[in-house]
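Examination of the molecular architecture
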Amino acid sequence: MAAIKSKDTKPEMIVRRGLWKRGFRYRLNHKRLPGHPDLVLRKYRTCIFVNGCFWHGHGATLNEEGEMRSEKCCCKIPKTNREFWVNKIRRNKERDKEEQRKLAEMGWHCITVWECELKPSKREETLESIAFTLNHIWLQDHQPRVSAYPQQNEEDMQMPMAAEEDLGK
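Heads up: these notes are all about the structure in this document.

Criteria and thresholds
- Residues numbered from 1 in each chain as written.
- Predicted model: local features only at pLDDT ≥ 70, side-chain atom pairs only at ≥ 80, totals over all residues.
- Heavy atoms only, no water.
- Helix = DSSP H or I, 4+ residues; strand = E, 2+ residues; numbered from the N terminus.
- Buried < 20%, exposed > 50% of the residue type's maximum accessible area, 1.4 Å probe, protein only.
- Contact = heavy atoms within 4.5 Å.
- Pairing = 2+ DSSP bridges.
- Axes fitted to C-alpha atoms, helices over the stretch in contact; angles between N-to-C directions.

With respect to the side chain of Arg 16
Following the sequence through the fold, Arg 16 ends up in helix α1 (residues 10-21). Given the relative accessible area of 12%, Arg 16 is considered buried. Beyond its immediate stretch of four places on either side in the chain, Arg 16 contacts Asp 8, Tyr 26, Leu 28 and Leu 39.

Looking at the sheet that holds strand β1 (residues 27-28)
Spatially, four strands are ordered β1-β2-β3-β6 in an open sheet, and the strand pairing comes out mixed. Since the sheet does not close on itself, it has two edges, and those belong to β1 and β6 (109-114), each with one partner. Relative to strand β3 (residues 46-51), strand β2 (residues 39-41) runs antiparallel, the two being bridged by three bridges. For Leu 39, the partnering residue across the bridge sits in β3 and is Ile 48. Across the face of the sheet, α1 comes into contact with β1, β2, β3 and β6 while running at roughly 140° to β3. Sitting on the sheet, helix α2 (residues 82-105) touches β3 and β6, and the angle it makes with β3 is about 170°.

Functional significance is not addressed by these values, which are geometric in nature.
Written out as structure tokens, the structure is:
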């Protein structure tokens, strides 16, 4: 496992290039945030995690026999030392969930991009979806605040108009 990279992986590079091409700017592996997100977009208060399907148990569920199966992806749990791998992936999933909960409490949005969503057939659709989500988040965060005071109509205001004639003379 020492040879497994955690930074600058191929799926992460695909997401980084796709977002940069679309005009999004980000920071990498922010050390002060829980989980050290792969990409941090401060303008959007959003963290992006690019997860490998095997290591983070994409779609993995436990069946009646206590075995872990993946329904969404084609990744398989190794047959050797199976109990170790099932426990490791379960811990990874729990850790990811806890880190995202902490980020949400801090006011951050979290986006998880799975390795299988970056296959050439789905890549552009996934990157467009991320861009759409980021723009949606920005628009929600920058909507004008609703005033606590009720709106007044023009008729209710008693101010004279600048072009109004003085009819009393």
